[in-house]
Amino acid sequence: MLFPLTFGTSMIAPAETLPDWLQAWVRVNPVGQLMDASRGLMLGGPVASHVVVALAWSAGLLVVFAPLAVRAYRRRT
């Protein structure tokens, strides 16, 4: 699931050079947020907003998919 998300990031090209529709996705992509936070920690720059967004995505994914995983596990055992 993680691999396709890496294509919609600003890892290779700056977000400003991407088409408008892709810029919108890059700004909210959880992998891009983690990458921007890492870049800020290594090179210096804003970090807090990227970390908060990445943690919010992580919490949201956990809230949605943890109960589904537990339910699927209980059905199979």
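Our subject is the structure that appears above.
A brief structural summary. (Residues numbered from 1 in each chain as written. Predicted model: local features only at pLDDT ≥ 70, side-chain atom pairs only at ≥ 80, totals over all residues. Heavy atoms only, no water.)

Quick notes on the overall build of the chain
The secondary structure content of the chain amounts to 4 helices and 0 strands. Sequence-ordered secondary structure for the chain, helices as α and strands as β, is α-α-α-α. For 77 residues, the compact-globule estimate of 2.2 N^0.38 gives 11 Å, and the C-alpha radius of gyration of the chain, at 15 Å, exceeds that figure by more than 25%. Considered along the principal axes of its C-alpha atoms, the chain spans approximately 50 × 25 × 15 Å. The burial tally for the chain puts 27% of its 77 residues in the buried class. Put simply, 30% of the contacts in the chain that link residues at least 6 apart link residues at least 24 apart. Per element, the accessible surface of the chain, about 5,900 Å² overall, is 73% carbon and sulfur. (Helix = DSSP H or I, 4+ residues; strand = E, 2+ residues; numbered from the N terminus. Rg over C-alpha atoms; globule rule 2.2 N^0.38 Å. Buried < 20%, exposed > 50% of the residue type's maximum accessible area, 1.4 Å probe, protein only. Contact = heavy atoms within 4.5 Å. Areas by Shrake-Rupley, 256 points an atom, 1.4 Å probe, with all protein chains shown as cover.)

Details of the pattern of salt bridges
For the coordinates displayed, the defined rule picks out 1 salt bridge. A salt bridge links Arg39 to Asp36; its shortest N-O distance comes to 3.2 Å. Placement of both Arg39 and Asp36 in helix H3 (residues 30-43) is noted, with a separation of 3 residues, approximately one turn of the helix. Since its relative accessible area comes to 32%, Arg39 is described here as partly exposed. (Salt bridge = Lys/Arg side-chain N within 4 Å of Asp/Glu carboxyl O.)

Quick look at the packing of H3 against helix H4 (residues 48-76)
In the contact formed by H3 and H4, the axes pass within 8 Å of each other and the chain directions differ by 145°. Where H3 crosses over H4, the two elements pack in a sense that is left-handed. Where H3 abuts H4, its residues Pro30, Gln33, Leu34, Asp36 and Ala37 lie against His50, Val51, Val53, Ala54 and Trp57. Here the residues of the contact of H3 with H4 sort into 7 nonpolar, 2 polar and 1 charged. (Axes fitted to C-alpha atoms, helices over the stretch in contact; angles between N-to-C directions. Left-handed = near helix turned anticlockwise from the far one by under 90°. Nonpolar A, V, L, I, M, F, W, Y, C, P; charged D, E, K, R; others polar.)

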